[in-house]
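Coordinates in review
Spelled out from the first residue to the last, the chains are:
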Amino acid sequence: MAMLKSNKSSDRITTRAEQIIAESLLSILNSMATGDRIQESPEFRDVLSAVEYFIPEVLSEIHPEWAHDSLDGVFPLVAAKSGVRTMSIFGQCILISDQTIVPLLVEIQVDTKGDKVTWLECKLGARDESGMIRTPYRSPSARIKLLHSLDGKRDLIDWAYNVTFGERTD
């Protein structure tokens, strides 16, 4: 699927999920150097929870099927500061519609005030000839095993969805 771009960041109302991402993420990233891994914390859990709502909002702007789907968990294999006010998460997420697990790669940049997302690139789901590969969620231990099987495969995935949002500022 070709990369599609949404530029609606400047002419839309900021959602609560976006505000939570921006505020919490800016607080986390301000004390880190680029390349540092993000550690588990209440603020990072807030970011992950808000990402569950924000990604479907962005995807639905271009892909109508996302108007009725959402995420039921984001589980990072790696989360790191990837640039100025920018975080990268590579891992997996659960689709709420059918409780299946798919890979996820998302980069999010927030503004200097910590009140909105200025740029996002989201790659979601591995694709094969029949569409997006969906692995049924069976148990937490099976999910963790699948998560660790992604290690080293970030650049090998043929992403089913590849969407950018907004404009990267640096």
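Preceding block: the structure.
Summary of the structure given here.

Cut-off values and rules
- Residues numbered from 1 in each chain as written.
- Predicted model: local features only at pLDDT ≥ 70, side-chain atom pairs only at ≥ 80, totals over all residues.
- Heavy atoms only, no water.
- Buried < 20%, exposed > 50% of the residue type's maximum accessible area, 1.4 Å probe, protein only.
- Helix = DSSP H or I, 4+ residues; strand = E, 2+ residues; numbered from the N terminus.
- Pairing = 2+ DSSP bridges.
- Expected span 1.5 Å × (residues − 1).
- Bend = angle between axes of the 7 residues up to and from the residue.
- Contact = heavy atoms within 4.5 Å.
- Lys, Arg positive; Asp, Glu negative; His and termini not counted.
- Salt bridge = Lys/Arg side-chain N within 4 Å of Asp/Glu carboxyl O.

Before going further, it helps to spend a moment on the pairing of strand β4 (residues 100-110). Regular strands place their side chains on alternate faces of the sheet. Where burial is concerned, most of β4 is hidden: eleven out of the eleven residues are buried. Residues Thr-100, Val-102, Leu-104, Val-106, Ile-108 and Val-110 line one face of β4 and the alternating positions Ile-101, Pro-103, Leu-105, Glu-107 and Gln-109 line the opposite face, and both faces are buried. Here ten bridges tie strand β3 (residues 86-95) to β4, and the two strands are oriented antiparallel to one another. Across the sheet, the residue bridging to Ile-94 is Ile-101, located in β4. Two successive antiparallel strands, β3 and β4, enclose a turn made up of four residues, where Gln-99 displays a positive phi of approximately 50°. Sheet topology places β4 next to strand β7 (residues 135-136); two bridges connect them, and they run antiparallel. Residue pairing across strands places Thr-100 opposite Pro-136, the latter belonging to β7. Pairing analysis gives seven bridges linking β4 to strand β5 (residues 117-128), with the strands arranged antiparallel. Residue pairing in the sheet places Leu-104 in a bridge with Leu-124 of β5. Connecting β4 to the antiparallel partner β5 that follows it, the hairpin turn spans six residues, and Gly-114 within it adopts a positive phi of roughly 75°.

The subject of this paragraph is the pairing of strand β8 (residues 159-166). For β8, a buried count of eight out of eight residues is recorded, marking the element as mostly surrounded by other parts of the structure. Bridge count for β5 against β8 is seven bridges, and the pairing is antiparallel. Residue pairing across strands places Trp-119 opposite Gly-166, the latter belonging to β8.

If you check helix α2 (residues 42-60), its first and last C-alpha atoms are 28 Å apart, about what 19 residues at 1.5 Å a residue would give, namely 27 Å. For α2, the principal kink sits at Val-51 and spans about 30°. Here α2 has its buried residues at Phe-44, Val-47, Leu-48, Ala-50, Val-51, Glu-52, Phe-54, Ile-55, Pro-56, Val-58 and Leu-59. Contacts made by the buried residues of α2 are with α1 (16-29), β2 (71-83), β3, β4, β5 and β8.

This part is about unusual backbone geometry. For Arg-85, which is not glycine, the phi torsion reads 55° and is therefore positive. Despite not being glycine, Gln-99 has its phi angle at roughly 50°, a positive value. Residue placement: Gln-99 occurs in the loop between β3 and β4.

Right, let's talk about α1 for a bit. Look at α1: 20 Å from first C-alpha to last across 14 residues, which is about the 20 Å you get at 1.5 Å a residue. All of the buried residues along α1 are Ala-17, Glu-18, Ile-21, Ala-22, Ser-24, Leu-25, Leu-26, Ile-28 and Leu-29. If you follow the buried residues of α1, they end up packed against α2, β2, β3, β4 and β5.

With that out of the way, let us pick up the side chain of Arg-143. You can see Arg-143 is positioned in helix α3 (residues 140-149). Lacking a salt bridge, the buried Arg-143 has Asp-72 as its closest oppositely charged neighbour, with an N-O distance of 10.0 Å. Residues contacting Arg-143, with those up to four places away along its chain left out, are Phe-75, Gln-92, Ile-94, Ile-101 and Tyr-137.

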